[in-house]
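An overview of the molecular structure
Chain by chain, the residues:
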Amino acid sequence: MLEQWDIDQAICVSHTSKENTVLRSGISPEKVFMVPNAVDTAMFTPSPKRLSCDEIVIVVISRLVYRKGADLLVEVIPEVCRLFPKVRFIIGGDGPKRVRLEEMREKFSLQDRVEMLGAVPHAQVRSVLISGHIFLNSSLTEAFCIAILEAASCGLLTVSTRVGGVPEVLPDDMIVLAEPAPEDMVRAVKKAIDMLPGIDTQVMHLRMKKLYSWDDVAKRTEIVYDRAMQSSTTNLLDRLPRYLTCGSWAGKLFCIVMIINYVLWRLLEFLQPAEGIEEVPDIGPLHAQLDSRDNLCEAEEKRI
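All figures in this text were calculated on a predicted structure; none of them were measured in a lab.

**Some words on helix H6 (residues 182–195)**
Here H6 contains 14 residues, and its C-alpha end-to-end distance of 20 Å stays within 8% of the 20 Å for a straight helix at 1.5 Å per residue. Listed as buried for H6 are Pro182, Asp184, Met185, Val186, Ala188, Val189, Ala192 and Ile193. Contacts made by the buried residues of H6 are with strand E3 (56–61), helix H2 (70–83), strand E4 (87–92), strand E6 (134–137), strand E7 (157–161) and strand E8 (175–178).

**Describing the packing of aromatic side chains**
Per the stated rule, a full pass over the model turns up two aromatic pairs. Taking 6.1 Å as the distance between ring centres and 85° as the angle between the ring planes, the aromatic pair formed by Phe144 and Tyr212 counts as edge-to-face. In this pair, Phe144 sits in the loop between E6 and helix H5 (146–153) while Tyr212 sits in the loop between helix H7 (201–211) and helix H8 (214–230), placing the two residues 68 residues apart along the sequence. The pair Phe144 / Tyr212 is uniform in exposure class, with both members buried. Aromatic side chains Tyr262 and Trp265 sit 5.7 Å apart centroid to centroid with 65° between the ring planes, which places their arrangement in the edge-to-face category. Taken together, the positions of Tyr262 and Trp265, both in helix H10 (residues 250–271) and three residues apart, correspond to about one turn of that helix. Over the aromatic face of Trp265 sits the side chain of Arg266, whose NZ or CZ is 4.5 Å from the ring centroid.

**Let's talk about the environment of Arg105**
By the element assignment, Arg105 lies in helix H3 (residues 98–107). Arg105 sits in the buried class, given a relative accessible area of 17%. Between the alpha carbons of Arg105 and Ile77 there is a distance of 9.0 Å; along the sequence they are 28 residues apart. Here the side chain of Arg105 touches Val114 through a polar contact of 2.9 Å, landing on its backbone oxygen.

**A few points about the pattern of salt bridges**
In the structure shown here, the tally under the stated rule is 14 salt bridges. Among the ionic pairs, Asp216 bridges to Arg220, the shortest N-O distance being 3.5 Å. Linking Asp216 with Arg220, this pair stays in helix H8, spanning four residues, or about one helical turn. The class for Asp216 is partly exposed, based on a relative accessible area of 38%. Looking at Arg220, the relative accessible area reads 31%, which means it is partly exposed. A salt bridge links Arg266 to Glu269; the nearest nitrogen and oxygen atoms lie 3.1 Å apart.

**Some details on a nonpolar patch on the surface**
A surface patch of nonpolar side chains, about 640 Å² in accessible area, is lined by Ile256, Ile260, Leu264, Leu267, Phe270 and Leu271. The topology assignment puts Leu264 in helix H10. The class for Leu264 is partly exposed, based on a relative accessible area of 45%.

Conventions and cut-offs
- Residues numbered from 1 in each chain as written.
- Predicted model: local features only at pLDDT ≥ 70, side-chain atom pairs only at ≥ 80, totals over all residues.
- Heavy atoms only, no water.
- Helix = DSSP H or I, 4+ residues; strand = E, 2+ residues; numbered from the N terminus.
- Expected span 1.5 Å × (residues − 1).
- Buried < 20%, exposed > 50% of the residue type's maximum accessible area, 1.4 Å probe, protein only.
- Contact = heavy atoms within 4.5 Å.
- Phe/Tyr/Trp six-rings, centres within 6.5 Å; stacked < 30°, edge-to-face > 60°.
- Lys NZ or Arg CZ within 6 Å of the ring centre and 35° of its normal.
- Polar contact = N/O pair within 3.5 Å; in protein donor to acceptor, adjacent residues only side chain to side chain.
- Salt bridge = Lys/Arg side-chain N within 4 Å of Asp/Glu carboxyl O.
- Patch = residues over 30% accessible without salt bridge, like charges linked within 9 Å, V, L, I, M, F, W, Y side chains within 5 Å.
- Areas by Shrake-Rupley, 256 points an atom, 1.4 Å probe, with all protein chains shown as cover.

What follows is the structure in C-alpha cells.
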C-alpha cells in the first residue's frame, strides 16, 4: 500500500488513473492530483491544404504489441476495406505483432490499401498524420494516450477504444469511441467517415491549443511539488513498523532494505565533506519567478 510508504503527493494523468491508484494503493484521495498530459501544438499542425475525401486515409501510429490492440487491427482492417472501397490504411510502428499485420495484408490481398511504414521517428510523426483523415487507436488499456492529442492537433478525427482514461481526453465531436471488439470498431469507423465533411482541421487545432498546454501542465505539477515539500517528514523509526505490515516476508525485507539505504546515506554524508559545496538559494516558486521576469521585460519595453 502506498500509504504505508508515506507518499506525500501523487500525480495521475486522468481521473480514471486517479481512481485506480486510490483503490489499488490505499493512498488518501486528497494526496492524489490529476494533471493531464499535453501536446506541442507548435509542432503538430494541420496540413495547409484540405485533403480530398475522394480517398479516405486512416492512420495508425502505435507500437505493434498486444496491449496496443494490434490483434484487434488484424480483424478490423479487412472488414473496413471490404465495406469501404475508397478507404486506405497507413500503419506506422513496429513490434512483435507486425508479422500478424503483414500476414493479414497478404491473406486479403491488401498490399495496395495497407501501407506498412515500420518504426516512425517522433520528428516524422506529423508528416504521417497530416496525410490522413482519421486516426485509429485500438489500445486495450490506456491511462491517457498522447497520440490522440497529437492526431487531433493535426486536425484528424479520432476513432478509439473506450478504455482507461481515453474518454476524458477529447470532446465528443472530436472522437468516436468504441468497445474493444471488431464489430464495434468497424461501426465507429463508419460513423467517423460520415462525420468527415463537417470537420475543420484548423478549428480543431485551435481548440487543442486552448485545451492542452505544457505550460499549464508545468504550473499544475509545480503546485503539487510545492505541497509535497511542505508536507511533514517522518523519521525512519516511525516508518519501520509500517513496512512490517506489508507482509510476513516482504515487510521484513523492506525494513532491511530501508535500514541499509539509511546507513549508506549517512556514510556518504560522512565521507563527503560539506566544505566547498555551494548552497543553492531558495528562489521561491517557479511561476513567481516567471511572472517577475515578464514584468521586468514589459517595464523595459515601455522604457525603450
